[in-house]
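# Structure at a glance
Letter by letter, the chains look like this.
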Amino acid sequence: MTREGPHKGPLSGLRIADFSWVGAGPRATKDLADYGATVIKVESARRLDLGRLSPPFKDGKRHHDASAFFAITNTGKQGVTINLNDPSGIEMAKKLVAWADVVVENFGKGYMDRIGLSWEILKSIKPDIILLSVSVAGRTGPLSDLRGYGNSAAALSGFAALSGWPDRGPHMAPFAYGDVVAPMMATVAVLAALEHRRVTGEGQHLDVSQVEPMMLVTSDCLADVQRGIEPRRGNDDPRMEPHGLFPCRGPDQWCAIAVRDDADWQVLAGLTGIDNSRFATLQGRKAHAGDLRALLAAWTRTQDKHRLADRLSTAGVPAEAVNDGRDVFSDAELERAGHYHRIHHDRLGDCEMPGPPLRFSDAAIYVGPPPLLGGDNRAVFVDLLGMDPAAIDELTATGALA
Amino acid sequence: MLNHLTIIDATGELGALAGYMLAQLGAAVTRLVPAGGETTDPVWNRDKRCVAPNDADLPALLSKADILLRNGPLPGVDIADYPRLIDVLLTPFACTDRPATDMTLMARSGLLHIGGDPDREPLRLPGQQAYALGAIQAIIGALTALRARKDKGQGVIVSAYQSAVLANYREPVMWDWAGKVGGRQGNLLVRGKSGVNQVWQVADGWVTWALVDNPGMMRAMVALMQADGMAGALTGVDWENILVADLPQETLKDWEKLVGAFFATKTRAFLAEQSNRHGMGLSAIDEPQDVLNSAHHAARGAFVPFNDPASGRTIRVPGPLFRSNREDAR
């Protein structure tokens with residue numbers, strides 16, 4: 001049976017035909033699925049979603065249904081396989097479009113047109129359809145043909161140039177931040193378009209780039225450039241001192257400490273015993289920052305990062321340990337908040353998947369298992385779309401549903 | 001798109017972006033200036049009507065509002081008196097009451113541990129990214145609750161910390177599934193047994209490119225180097241039948257010396273143009289001024305003028321959140 005509607009999330013009843021792959025599209029549709037939308041992920045065994053090939057794998061064994069990376073990016077979706085290079089496959093895709101409220105894609109520019117799923121055709125199938133296109137640089141403009149990865153978005157948005165130390169070159173963050181921010185913007189765009197459609201009855205084609213959301217979230221830095229303020233400033237903050245990371249006991253262990261104002265400083269001075277009138281004001285702390293940081297580092301160096309962070313926080317000074325992946329995975333705050341959701345998956349077994357970072361007072365969030373490759377073909381094509389089982393068998397045999 | 005919605009933005013620095021985004025989508029946003037004064041960068045308060053708390057008739061505002069954005073209790077306000085309201089509480093932590101800044105949230109999320117160079121302390125991302133992630137999640141929560149609203153609204157609690165943890169999509173998973181803890185690699189991309197450089201100095205700045213397992217991209221770059229007689233040992237590499245990620249580090253270093261020497265003779269514009277033409281997977285790293293002056297961004301109307309009260313000048317700031325075929329709707 002199809003899973004449409006068994007869990008009444010706040011987006012229950014919303015239907016998504018998801019042709020997107022890898023990260024930038026699937027993360028948006030994961031959000032919608034976690035909130036109760038029915039998301040049907042369209043893939044092809046002939047051209048696997050690269051996410052399915054990304055480690056880590058269950059028991060370290062590479063398999064298209066065993067990637068943990070793919071799993072956390074695709075929770076709660078149903079999976080079908082359609083060969084979009086086959087005319088019969090395209091006809092099946094059109095049936096999904098007719099069923100859907102929203103179609104999502106992140107192919108190269110022009111691909112949807114070439115396979116017969118252009119915006120005009122989608123509208124002719126369903127006049128109020130919402131089409132979401134996610135790409136590196138957007139669907140218009142001189143760079144609209146650019147095919148790239150997260151690094152391209154970091155490079156073209158200024159994010160890489162804004163990252164780093166003032167005495168060194170740009171820094172490329174070791175994860176694709178564009179694949180984080182763009183899907184969130186895509187989710188906002190879809191929800192706003194749905195609200196617009198609720199009021200007006202009109203659909204629309206949404207064009208979300210990876211570059212523009214990265215510029216949005218650094219608006220303050222881009223403004224600082226034009227104000228004559230150095231934007232690449234490592235861990236410094238012009239409004240706070242101390243503001244940085246201080247060494248703690250053990251190799252490569254650090255604690256982040258932020259003194260927001262003079263009152264914070266008085267508390268920290270009392271705890272550390274650093275008592276010097278030079279440091280009483282922000283201006284003084286900035287002027288003597290080198291001395292102050294050295295004194296503070298000498299005090300933190302012998303302390304456990306977690307205990308130090310708890311001690312300072314309890315006293316009212318913002319401080320947190322610089323956590324690694326292990327620390328984060330076992331963080332009690334996440335446990336209490338229900339950040340991880342237990343799922344059962346035929347290949348991965350019983351495991352935990354991160355869920356949305358929020359909760360509703362009157363609605364549940366259900367994080368379901370990710371789809372097996374083509375695992376819901378019969379449920380979707382026969383049970384949901386009402387196709388003849390024999391016809392589906394034939395399309396499967398000819399490769400149209402592969 | 002959201003011209004029919006009314007928003008009250010009672011947040012501080014954490015959340016001001018959410019109000020701005022809703023204003024960009026057409027909603028009427030009233031910003032309650034925080035007690036003690038506004039410390040938020042004015043770029044996040046564009047297109048809002050700002051009122052001092054003492055001047056605001058809060059009950060009247062809230063009775064007309066669809067969405068309230070806040071970081072904590074509003075003095076004298078019982079949210080239960082406004083049953084249709086979508087009440088979004090954006091806090092540093094969902095379950096813990098402790099002080100936080102953007103940097104401390106990022107530290108706890110694990111994102112700092114992997115950022116920066118191995119010979120220095122961990123490095124934060126530019127700007128206030130935990131705050132930004134929390135703010136965008138707050139809008140997702142608000143609009144999701146709005147879609148579910150029938151006769152009554154509901155509360156939404158959003159954790160900025162958890163929003164940052166979600167952005168750290170590799171490290172907790174690598175620990176859970178592979179027992180591995182990552183570290184700082186500078187600008188090396190480490191996949192498999194070796195690391196490859198991602199950031200290169202060229203004649204007039206920086207570009208991003210890497211030796212990766214993409215034979216088409218690698219062949220295109222080597223062909224370009226051969227045209228200048230600078231491909232050396234890269235000539236004749238059978239990209240289809242090697243796994244770059246598992247090559248010895250010394251081999252990669254030798255190859256990267258050749259690439260670095262070639263890049264040093266070329267400009268960003270030349271390399272980017274060649275990459276677009278031949279599919280080399282290279283991008284010029286734009287400095288902020290390049291971004292502000294980009295023909296691509298200009299063609300998309302990505303920046304708009306803003307009378308900046310902080311500098312007293314008109315500056316350019318990011319404008320539309322995304323594009324739509326219905327520009328009147330956006």
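Quick caveat, the model's predicted, so the values are computed rather than measured.

Parameters at a glance
- Residues numbered from 1 in each chain as written.
- Chains lettered and ligands numbered in written order.
- Predicted model: local features only at pLDDT ≥ 70, side-chain atom pairs only at ≥ 80, totals over all residues.
- Helix = DSSP H or I, 4+ residues; strand = E, 2+ residues; numbered from the N terminus.
- Buried ≥ 20, exposed ≤ 12 C-beta atoms within 10 Å, placed from the backbone.
- Contact = placed C-beta atoms within 7 Å.
- Domains from an automatic or database assignment.
- Pairing = 2+ DSSP bridges.
- Axes fitted to C-alpha atoms, helices over the stretch in contact; angles between N-to-C directions.

## Let's talk about the environment of Pro371 of chain A
Residue and element names in this part refer to chain A.
- In this fold, Pro371 is placed in the loop between β12 (358-360) and α17 (377-384).
- By C-beta crowding, Pro371 is classed as buried, having 25 other C-beta atoms within 10 Å.
- Pro371 has contacts with Lys41, Asn74, Lys77, Gln78, Gly79 and Asp376, leaving out every residue within four places of it along the chain.

## What to know about helix α1 (residues 26-34) of chain A
- Judged by how many residues are buried, α1 of chain A sits mostly within the fold: nine of nine residues are covered.
- For α1 of chain A, every residue scored as buried is listed here: Pro26, Arg27, Ala28, Thr29, Lys30, Asp31, Leu32, Ala33 and Asp34 of chain A.
- The elements touched by buried residues of α1 of chain A are β1 (15-18), β2 (38-43), α2 (68-73), β4 (102-105) and α8 (178-200) of chain A together with α4 (129-148) of chain B.
- Of the residues one or two after α1 of chain A, Gly36 of chain A is the one with positive phi, at around 110°.

## Some details on the domain arrangement of chain A
- Each domain of chain A was delimited in the assignment, giving domain 1 (15-217 + 338-398) and domain 2 (243-329).
- One C-alpha centre belongs to domain 1 of chain A, the other to domain 2 of chain A; they are set 42 Å apart.

## Brief notes about the sheet that holds strand β8 (residues 254-258) of chain A
Residues and elements named next belong to chain A.
- Pairing is antiparallel across the open sheet formed by three strands, whose spatial order is β7-β8-β9. The open sheet has two free edges, formed respectively by β7 (243-247) and β9 (319-321), since each of these has just one partner strand. Each neighbouring strand pair of the sheet contributes to a mean axis angle of 20°, computed without reference to strand direction.
- As paired strands, β7 and β8 are joined by five bridges and run antiparallel to one another. Bridging across to β8, Gly244 finds its partner in Ile257.
- Packing against the sheet, helix α13 (residues 289-300) makes contact with β7 and β8, and its axis sits at approximately 40° to β7.

## Observations regarding the sheet that holds strand β14 (residues 323-324) of chain B
- On the basis of which strands lie adjacent, the open sheet formed by seven strands has the order β3(A)-β2(A)-β1(A)-β4(A)-β5(A)-β6(A)-β14(B) and mixed pairing. Edge positions in the sheet fall to β3 (78-81) of chain A together with β14 of chain B, since each of these pairs with one other strand and no more.
- Note: β4 of chain A against strand β5 (residues 130-135) of chain A, four bridges, orientation parallel. From the neighbouring strand, Val103 of chain A faces β5 of chain A, where its bridge partner is Leu131 of chain A.

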